[in-house]
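Okay, here's what each chain looks like letter by letter:
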Amino acid sequence: KALVQAGNRVEFFCVWPDDLETTRRVAAEAGIQNPVIHQIYEGARVFQQAAKRVQVFVGIKLHACALAMCAGVPTLMVEYRAKCREYAGTMGTEEFCLRSDTLDGARMLEVVEQLKQRGPVVSAGMHERAQAIKQRVTALARTVLSRHGW
């Protein structure tokens, strides 16, 4: 609601069918009468193409946030489980990960504004970190495969 009241255009990305009703309820509670809800349940590329159109991605689902980061979109992750904080630590984005149980609208707006202002620098850092991890995983996979004669 705070994002809408601050004049931000809000679009929703539903990546799990069971979350659609909750997404609609959140939109209604935010006062959005005709919400844009992207229902993307399969296809990382489709999701990333849609996410690339937004200035800042705010997400709860870990994989949606990871895909948005890898697409180069500055991302605020709402931590609902420890795995979110762990991922943020791996990506070096702890300052853009807020706990759901202590979520404060003003703090969320502050972080969104930081991401909007520093967007290109932040997204470049996120993308660089993701590429470094990808290279390490690829190198490890090659090592394992070569040890087994592949």
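Rules used in this analysis
Position labels on residues start from 1 in each chain and follow its written sequence. Given that this is a predicted model, residues contribute local features only at a pLDDT of at least 70 and side-chain atom pairs are listed and counted only at 80 or more, while totals for whole chains, interfaces and linings are drawn from all residues. Only hydrogens and water are removed before side-chain values are computed, so all heavy atoms of the structure are retained for them. Burial classification: accessible surface area is computed with a 1.4 Å probe over protein chains only, and a residue below 20% of its type maximum counts as buried, one above 50% as exposed, and the rest as partly exposed. A run of H or I in DSSP counts as a helix once it spans at least four residues, and a run of E counts as a strand once it spans at least two, with each numbered from the N terminus. Here the arc refers to the directions that run from the helix axis out to each C-beta atom. Between two residues, a contact is recorded if the distance between any of their heavy atoms is within 4.5 Å. Note on terminology: a nonpolar core comprises buried Ala, Val, Leu, Ile, Met, Phe, Trp, Tyr and Cys residues joined through side-chain atoms within 4.5 Å. Two strands form a pair only when DSSP identifies at least two bridges running between them. Comment: axis = line fitted to C-alpha atoms, over the contacting stretch for helices; angle = value between 0 and 180 degrees taken between N-to-C directions. To count as a disulfide, a pair of cysteine sulfur atoms needs to be within 2.5 Å. Each salt bridge in this description consists of a side-chain nitrogen of Lys or Arg and a carboxyl oxygen of Asp or Glu lying within 4 Å of one another.

A. Structural view of helix 2 (residues 20–29). Three or more residues of helix 2 are buried, namely Leu-20, Thr-23 and Ala-27. Burial along helix 2 is one-sided: seen end-on, the buried residues are contained in an arc of 60 degrees. Facing away from the buried side of helix 2 by more than 90 degrees, the exposed set consists of Ala-28 and Glu-29. Buried residues along helix 2 sit against strand 1 (11–14) and strand 2 (36–39). Directly beyond the C-terminal end of helix 2, a positive phi value near 85 degrees is found at Gly-31.

B. Examining the nonpolar core more closely. Among the nonpolar cores identified, the biggest contains 35 residues, and Phe-13, Phe-47, Phe-57, Leu-76, Met-77, Tyr-87 and Leu-115 are the most heavily contacted of them. Residue contributions to this core peak at six residues, all from helix 4 (residues 62–70). Once residues within four sequence positions are removed from consideration, Phe-57 is found in contact with Phe-13, Phe-47, Ala-64, Cys-65, Ala-68, Val-73, Pro-74, Thr-75 and Leu-76. In this structure, Phe-12, Cys-14, Leu-20 and Ala-30 belong to the second largest nonpolar core, which totals seven residues.

C. Molecular detail of the sheet that holds strand 3 (residues 57–59). Reading across from one edge, 3-4-5 is the order of the three strands in this open sheet, with parallel pairing throughout. Of all the strands in the sheet, just strand 3 and strand 5 (97–99) have a single pairing partner and so form its edges. Direction aside, the axes of adjacent strands within the sheet are offset by 20 degrees on average. The pairing of strand 4 (residues 75–79) with strand 5 spans three bridges and is parallel. What sits directly across from Met-77, in strand 5, is Cys-97.

D. Up close: the state of the cysteines. Applying the stated criterion across every chain, the model contains zero disulfides. With no disulfide of its own, Cys-14 lies 14 Å from the sulfur of Cys-65, the closest cysteine sulfur. Relative accessible area serves as the criterion here: at 1%, Cys-14 is assigned to the buried category. Here Cys-97 is not cross-linked by a disulfide; its sulfur's nearest cysteine counterpart is in Cys-84, at 6.2 Å.

E. Inspection of the environment of Ala-30 at higher detail. Within the secondary structure, Ala-30 is located in the loop between helix 2 and strand 2. On a C-alpha basis, the gap between Ala-30 and Lys-1 in space is 4.1 Å, while along the polypeptide they are 29 residues apart.

F. Representation of the side chain of Thr-93 within the structure. Residue placement: Thr-93 occurs in the loop between helix 5 (82–91) and strand 5. Setting aside residues up to four positions removed in sequence, Thr-93 forms contacts with Met-69, Ala-88 and Met-126.

G. Expanded view of the pattern of salt bridges. For the structure shown, the criterion picks out nine salt bridges. Arg-53 is paired through a salt bridge with Glu-11; the nearest N and O atoms lie 3.4 Å apart. Here Glu-11 lies in strand 1 and Arg-53 lies in the loop between helix 3 (44–51) and strand 3, a separation of 42 residues in the sequence. Since its relative accessible area comes to 56%, Arg-53 is described here as exposed. For Glu-11, a relative accessible area of 18% translates into the label buried. Linked by salt bridges that have partners in common, Arg-9, Glu-11 and Arg-53 make up one network.

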